Number of protein chains: 2
Amino acid sequence: MSDEQRGRPSASVHRVGGPLGDLQAPQDNPATPRRRADAVRNRAQILAAAEQLFTEHDPRTITMDRIAKAAGVGRATLYRSFPDPSSVAVALLDEHERRLQGQLIYGPPPLGPGAPPAERLSAFYLAMLDLLERHLPLALGAEVGPDRYTTGAYGFWRVHVRTLLVEGRVSDPDALIDIVLSPLAPELFRFQRHGMGLSRDRIASSLTGLARRLIPPG
Amino acid sequence: MSDEQRGRPSASVHRVGGPLGDLQAPQDNPATPRRRADAVRNRAQILAAAEQLFTEHDPRTITMDRIAKAAGVGRATLYRSFPDPSSVAVALLDEHERRLQGQLIYGPPPLGPGAPPAERLSAFYLAMLDLLERHLPLALGAEVGPDRYTTGAYGFWRVHVRTLLVEGRVSDPDALIDIVLSPLAPELFRFQRHGMGLSRDRIASSLTGLARRLIPPG
DNA sequence: GGGGTAAGTGGACTCTGTGTCCGCTTAGCA
DNA sequence: TGCTAAGCGGACACAGAGTCCACTTACCCC
């Protein structure tokens, strides 16, 4: 069974892929026999229950057992779809991230193509900030160990940022990509926002300022 | 028993403290009865064994049990000094970080006082990169959950960076501190260095470039 | 130097979560 | 309506966390 079917999106899906990889549901693949109705229903129950759990409790306390209990399914059923709690969060987060990914490629400027790279980077920062603001528990739940960098979504952000950096004529863009993305780490956002009590706007201003300095206008 | 004695350095130790907090050993405190020789010996054994474990194995697989076994002590003895594996790594890392902390305050420029803030920030980036390069396993082992931001050492780096940002006349320095520090996350360094195969020098160049752009010369 | 005392020690024990296995159920199809 | 295998879920074994308590021994005092 592929990783995608098991809930943890494979890197290739978002990695770059022409038209956004496969945005359609997995079962559209003719090679896949067709998923049973009860399995589909269970998966939906799991996702719904998990979203609530992650939102209402400390993401680090969410175990496979709790998710299964909350979804009203057995442990093995849960394991059939997801290997661990963070992959459930990743799947959930995925839906929200895909919308942004679509906007980055096809949407209107400054998020989409057409605006100067510095402005697009600023817009990207702001959009990611919104994503974090709205779905912080999921973003935190999706972070287990070095998962942040191996997740398909991170690969997508990398490709996007790289494009902007190249377009902006910075030197050695490849060495700068992950530095540009580092202020968007969920754990960091949480610390700034709730530990330090910074407002969304102050963080946003700092990030747009950073974008402006990183990519010289022109 | 204080946190410091239990291995996890309290925030105040590094936070800023006049002469570097208390750099001398804990037992110099007259209020502390005096530690028994066997306890001191055990602690040293634990640290030595743990350093080797963290260096030679995946930091995430290091358990309290393994450390105790490797050090030749019982589990409870280990728990007496450290609450979890990451705090052992923190204690180990601490020794190396204190040297750098001393240099930042008392050392010669550009690391210490005297150089323009942009240059001092660059020097700080390079020194931190060296620390990561040399002690990456410990740095990774010290990272469990949101510990990065609650550790005493992180507080020290914050104070230092804040000073430089204020001196460099950037707008809203407090919102920029953690953004400036974010590219130094151990997990990120690991990804850049070993996942992406970037050389130390390319990362260094990107960071010094970043420092130059963030703090305008003058 | 010997005895008292409390700090220190270490193994055993419980608890929680993980991951797998296997017999039962039931959806999908002919 | 009956067949078949995908899907299901409880049970099980295992690993690591954290605690407890009876034993040991370093240190202090006489």
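Predicted model only: the values in this text are computed from it and were never measured. (Residues numbered from 1 in each chain as written. Chains lettered and ligands numbered in written order. Predicted model: local features only at pLDDT ≥ 70, side-chain atom pairs only at ≥ 80, totals over all residues. Heavy atoms only, no water.)

Caption draft 1: A look at the overall build of chain A. The secondary structure content of chain A amounts to 11 helices and 0 strands. Reading chain A from its N end, one meets helices and strands in the order α-α-α-α-α-α-α-α-α-α-α. Here chain A, with 218 residues, has 51% of them falling under the buried criterion. Counting only contacts in chain A whose residues sit at least 6 apart along the sequence, the fraction spanning at least 24 positions is 68%. (Helix = DSSP H or I, 4+ residues; strand = E, 2+ residues; numbered from the N terminus. Buried < 20%, exposed > 50% of the residue type's maximum accessible area, 1.4 Å probe, protein only. Contact = heavy atoms within 4.5 Å.)

Caption draft 2: Region of interest: the protein's contact with DNA strand D. Near DNA strand D you find 19 residues, and of these R36(A), N42(A), T77(A), A37(B) and R75(B) are the closest. Counting only the atoms of DNA strand D that lie within 4 Å of the protein, the sugar and phosphate share comes to 66%. Measuring from a phosphate oxygen of DNA strand D, one finds a side-chain N or O atom of R80(A) at 3.2 Å. The contact in question runs from a base nitrogen of DNA strand D to an N or O atom on the side chain of R75(B), over 2.3 Å. Here the residues of the surface near DNA strand D sort into 8 nonpolar, 4 polar and 7 charged. (Near = heavy atom within 4 Å. Polar contact = N/O pair within 3.5 Å; in protein donor to acceptor, adjacent residues only side chain to side chain. Nonpolar A, V, L, I, M, F, W, Y, C, P; charged D, E, K, R; others polar.)

Caption draft 3: Structural context of the protein's contact with DNA strand C. In the vicinity of DNA strand C, 19 residues are found, and the nearest of them are A37(A), R75(A), R36(B), N42(B) and T77(B). Close to the protein, within 4 Å, the atoms of DNA strand C belong to sugar or phosphate groups at a rate of 61%. Here a base nitrogen of DNA strand C and a side-chain polar atom of R75(A) are 2.4 Å apart. Separating a phosphate oxygen of DNA strand C from a side-chain N or O atom of Y79(A) is a distance of 3.4 Å. At the level of secondary structure, the elements contributing two or more residues to the surface near DNA strand C comprise α2 (37-56), α3 (64-71) and α4 (75-81) of chain A together with α2 (37-56) and α4 (75-81) of chain B. Residue classes in the surface near DNA strand C are distributed as 8 nonpolar, 4 polar and 7 charged.

Caption draft 4: Quick look at the nonpolar core. Of all hydrophobic cores here, the largest spans 132 residues; its most connected members are F124(A), W157(A), F124(B) and W157(B). Take this core: its biggest share by element is 15 residues, from helix α6 (residues 117-142) of chain B. For this core, the domains that each give at least three residues are domain 1 (32-82) and domain 2 (84-218) of chain A. When sequence neighbours within four positions are dropped, the list of residues in contact with W157(B) reads E97(B), L100(B), Q101(B), L104(B), F124(B), M128(B) and L181(B). (Core = buried A, V, L, I, M, F, W, Y, C linked by side-chain atoms within 4.5 Å. Domains from an automatic or database assignment.)

Caption draft 5: The arrangement of the packing of aromatic side chains in detail. Across all of its chains, the model carries 10 aromatic pairs over all chains by this definition. Between F191(A) and Y154(B) the ring centres are 6.1 Å apart and the planes differ by 85°, which places this aromatic pair in the edge-to-face class. On the criterion of chain membership, the pair formed by F191(A) in helix α10 (residues 186-195) and Y154(B) in helix α8 (residues 152-167) is interchain, its members lying in two chains. Plain terms: the ring middles of Y149(B) and Y154(B) are 5.1 Å apart, the flat faces sit at 85° to each other, and that makes the pair edge-to-face. Taken individually, Y149(B) and Y154(B) each receive the classification buried, so the pair is uniform in this respect. Among the aromatic residues, ring-to-ring pairing joins F124(A), F156(A) and W157(A) into one connected group. (Phe/Tyr/Trp six-rings, centres within 6.5 Å; stacked < 30°, edge-to-face > 60°.)

Caption draft 6: Local environment of helix α6 (residues 117-141) of chain A. Residues and elements named next belong to chain A. Helix length check: α6 (25 residues) gives 31 Å between terminal C-alpha atoms against 36 Å at 1.5 Å per residue, more than 12% under. Along its length, α6 reaches its greatest deviation from straightness, about 95°, at H135, and the proline P137 lies no more than four positions downstream. Taking burial as the measure, the 25 residues of α6 include 19 buried ones, the bulk of the element. (Expected span 1.5 Å × (residues − 1). Bend = angle between axes of the 7 residues up to and from the residue.)

Caption draft 7: Examining the interface of chain B and chain A more closely. In this complex, chain B contributes 27 residues to the contact, which on the side of chain A involves 28 residues. Summed over both sides, the interface between chain B and chain A buries roughly 2700 Å², with carbon and sulfur atoms accounting for 64% of that surface. Among the residues of chain B in contact with chain A, Y149(B), I179(B) and R213(B) are the three that bury the most area, contributing 23% of the side total. At the surface where chain B touches chain A, the tally comes to 2 salt bridges. For the salt bridge of R202(A) with D172(B), the shortest nitrogen-to-oxygen distance reads 2.7 Å. Counting across the interface, chain B meets chain A through 3 residue pairs in polar contact (both at pLDDT 80 or more). Looking at the side of chain B that touches chain A, the elements that each hand over two or more residues are α8, α9 (173-181), α10 (186-195) and α11 (200-214) of chain B. Looking at which element gives the most residues to the side of chain B that touches chain A, the answer is α11(B), with 6 residues. (Buried area = accessible area lost by both parts, 1.4 Å probe. Salt bridge = Lys/Arg side-chain N within 4 Å of Asp/Glu carboxyl O.)

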